[in-house]
Amino acid sequence: MFTAIIFLGWSLDTLFNNYQEQQTTDEFSAYRKVVASLATTLDSIDDTQAFVSTWQQTNQQQLNLIPLAEFPLPEELKQDFSQGMSLVLESAERITVNHIMASKQQVLVLAIAPQGSQQDNLSLQMLLTTAFYLGILLFVGIWLYPLIKRLRLLNRAAKNFGSGDFAWRIPVSGTSYVADIENEFNRMAQKIETLIQDNKLLGNAVSHDLRTPLARLRFGIEALSETSKPEKQHKYIQHLSQDIAEMERLVEVLLNYARLEQSMIKVDKVAVDFNQLMDQCVYGIDGVDGKQIKWQPMGEITIVGEQNFLAMLINNLLSNAQQYASQFIQVRILKGSHYIELVVEDDGPGIPKDKRLALLQPFTRGHNNSQKPGFGMGLAIVTRIAAWHDAKINIAESALGGAKVSVRFK
């Protein structure tokens, strides 16, 4: 805006000065020629006063003859004037064009009214001043309109989001002045929406999964108070201890999941040797329950991420596969030109299509969930860590007969 004002002011000022100089030159050059011709003619005739009188009767401009001795001039003008150059003089009342008549030692004076010239200059000044301020308003409007438009859109998005429409997002434009703010708003909105959804899921899961051990605790306490036999009391106490341990595990899982988002924000991503990390994770679970893991490292594979969370992702995938596999678990790493994909497959019962997306949510369990331990948090944690690493998780049917879970890193 500052540059636009300077440019407009300089341009209009230059234009006005050029116009004024050109106008002044054009206006008085004609009068100089007329006065010079009249002075040459009158200098050669005898009765000059009769010509001047006749001129006064037929023309609006006043024509006078002044003795040269009564026409004082500064020294710097006398030489050019005495050599026959017309001289233009301006006062508050009039403008005069003067030319010397050397033979008669007189000065021929033609008076011109200045009102027209002054009025024209004043009108031009007003016109250019108006154009200057209109130009500034135009430049400011051109600059501000896209900004105001995007800010109003941001304002509307914030109001809609605040009123409970958590799916509202701002369509980001590459030419927007506030594109960074819009991107941050969208990321913030996505994070808030995810946290709200997680809060609802966690609330539902807590109310559901805690109800069963609490009911057993109440029943066990009542049964314990009604018996006096030591063996039954010992049995009830064992059941109570198991229920309390189950509740502790559930609370620990809830706390770990709640801390996961905050923990991932604080850590720095580094280059991780994915093959080495996979070897460590496979070594810790291979052979458990007699189930073998088929895994063969290939080439050099590096992923930019946080090593502890990547290990958590791999361990959860392997634990889920080990829990539902019959005999074999197969792990592969596929490397493309623009991606690295981790694939974990098992020969278990598989996952129905209509339940695959639901299993990515917290506290959602798969096939025969009543017969398997756990709280249904494994794939939810995998999904959260994958999202933090800009990776996509997909569940499909494996050629081994069971489930195939793949995580593709960009």
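Here the structure is shown first, and the text comes after it.
Residues numbered from 1 in each chain as written. Predicted model: local features only at pLDDT ≥ 70, side-chain atom pairs only at ≥ 80, totals over all residues. Heavy atoms only, no water.

Looking at the overall build of the chain
Turning to step 1, where the next piece is worked out: If you tally the helices and strands in the chain, you get 11 helices and 11 strands.
Turning to step 2, where the next piece is worked out: The burial tally for the chain puts 35% of its 410 residues in the buried class.
Turning to step 3, where the next piece is worked out: Of the roughly 25400 Å² of accessible surface on the chain, 55% is carried by carbon and sulfur atoms. (Helix = DSSP H or I, 4+ residues; strand = E, 2+ residues; numbered from the N terminus. Buried < 20%, exposed > 50% of the residue type's maximum accessible area, 1.4 Å probe, protein only. Areas by Shrake-Rupley, 256 points an atom, 1.4 Å probe, with all protein chains shown as cover.)

With respect to empty space enclosed by the protein
Turning to step 1, where the next piece is worked out: One pass over the structure, following the stated rule, counts 1 cavity of 30 Å³ or more.
Turning to step 2, where the next piece is worked out: Approximately 30 Å³ is the volume found for the largest cavity.
Turning to step 3, where the next piece is worked out: In terms of lining residues, the largest cavity is bounded by Met 1, Ala 4, Ile 5, Ile 136, Phe 139 and Val 140.
Turning to step 4, where the next piece is worked out: Breaking the lining of the largest cavity down by element, the ones donating at least two residues are helix 1 (2–42) and helix 4 (115–162).
Turning to step 5, where the next piece is worked out: For the lining of the largest cavity, the element with the highest residue contribution is helix 4, accounting for 3 residues.
Turning to step 6, where the next piece is worked out: By residue class, the composition of the lining of the largest cavity is 6 nonpolar, no polar and no charged. (1 Å grid on protein atoms, 1.4 Å probe; cavity = no way out; pocket = protein on both sides within 12 Å on 5 of 7 lines; lining within 4 Å. Points joined across faces, edges and corners; volume = space filled by probe spheres on them. Nonpolar A, V, L, I, M, F, W, Y, C, P; charged D, E, K, R; others polar.)

Comments concerning the pairing of strand 6 (residues 292–295)
Turning to step 1, where the next piece is worked out: Residues Ile 293 and Trp 295 of strand 6 are buried on one face, while the alternating residues Gln 292 and Lys 294, pointing to the opposite face, are not.
Turning to step 2, where the next piece is worked out: Relative to strand 8 (residues 328–335), strand 6 is paired through 4 bridges, and the arrangement is parallel. Among the inter-strand pairings, Ile 293 is bridged to a residue of strand 8, identified as Ile 329. (Pairing = 2+ DSSP bridges.)

Quick look at the pattern of salt bridges
Turning to step 1, where the next piece is worked out: Scanning the entire structure with this criterion turns up 6 salt bridges.
Turning to step 2, where the next piece is worked out: Here Glu 182 makes a salt bridge to Arg 150, at a shortest N to O gap of 2.8 Å. Residue Glu 182 is found in helix 5 (residues 179–209), and its partner Arg 150 is found in helix 4; the two are separated by 32 residues along the sequence. A single burial state applies to Glu 182 and to Arg 150, both of which are buried.
Turning to step 3, where the next piece is worked out: A salt bridge links Arg 169 to Glu 193; the nearest nitrogen and oxygen atoms lie 2.6 Å apart. In this pair, Arg 169 sits in the loop between helix 4 and helix 5 while Glu 193 sits in helix 5, placing the two residues 24 residues apart along the sequence.
Turning to step 4, where the next piece is worked out: The class for Arg 169 is partly exposed, based on a relative accessible area of 24%. (Salt bridge = Lys/Arg side-chain N within 4 Å of Asp/Glu carboxyl O.)

A word on helix 9 (residues 307–324)
For the α-helix, the turn length of 3.6 residues means that residues three or four positions removed from each other point alike.
Turning to step 1, where the next piece is worked out: For helix 9, with 18 residues, the first-to-last C-alpha span of 26 Å sits near the 26 Å given by 1.5 Å per residue.
Turning to step 2, where the next piece is worked out: Here helix 9 has its buried residues at Phe 309, Leu 310, Ala 311, Leu 313, Ile 314, Asn 316, Leu 317, Leu 318, Ala 321, Gln 322 and Gln 323. (Expected span 1.5 Å × (residues − 1).)

Things to note about a nonpolar patch on the surface
Turning to step 1, where the next piece is worked out: Among the surface-exposed residues, Met 1, Trp 143 and Tyr 177 lie close enough to one another that they form a single nonpolar patch of about 360 Å² accessible area.
Turning to step 2, where the next piece is worked out: Mapping Trp 143 onto the fold places it in helix 4.
Turning to step 3, where the next piece is worked out: For Trp 143, a relative accessible area of 40% corresponds to the partly exposed category. (Patch = residues over 30% accessible without salt bridge, like charges linked within 9 Å, V, L, I, M, F, W, Y side chains within 5 Å.)

Overview of the sheet that holds strand 11 (residues 403–409)
Turning to step 1, where the next piece is worked out: Sheet architecture is open: 5 strands sit in the order 6-8-9-11-10, paired in mixed fashion. In the strand order of this sheet, the two ends are held by strand 6 and strand 10 (391–397), each with one partner. If you compare each strand with its neighbour and ignore which way they point, the axes differ by 15° on average.
Turning to step 2, where the next piece is worked out: Where strand 8 lies against strand 9 (residues 340–346), 7 bridges are found, and the strand directions are antiparallel. Across the sheet, the residue bridging to Val 331 is Val 344, located in strand 9.
Turning to step 3, where the next piece is worked out: Where helix 9 meets the sheet, its contacts fall on strand 6, strand 8, strand 9 and strand 11, and the angle it forms with strand 9 comes to roughly 25°.
Turning to step 4, where the next piece is worked out: Seen against the sheet, helix 11 (residues 378–388) touches strand 10 and strand 11 and runs at an angle of roughly 140° to strand 10. (Axes fitted to C-alpha atoms, helices over the stretch in contact; angles between N-to-C directions. Contact = heavy atoms within 4.5 Å.)

Concerning the packing of helix 9 against helix 11
Turning to step 1, where the next piece is worked out: Contact geometry of helix 9 with helix 11 gives a least axis separation of 9 Å together with a crossing angle of 145°. Considering only the axes of helix 9 and helix 11, their crossing is left-handed. Taken together, the residues of helix 11 that come into contact with helix 9 (itself represented by Phe 309, Met 312, Leu 313, Asn 316, Leu 317 and Asn 320) are Gly 378, Leu 379, Ile 381, Val 382, Ile 385, Ala 386 and Trp 388.
Turning to step 2, where the next piece is worked out: Within the contact of helix 9 with helix 11, the residues separate by chemical class into 10 nonpolar, 3 polar and no charged. (Left-handed = near helix turned anticlockwise from the far one by under 90°.)

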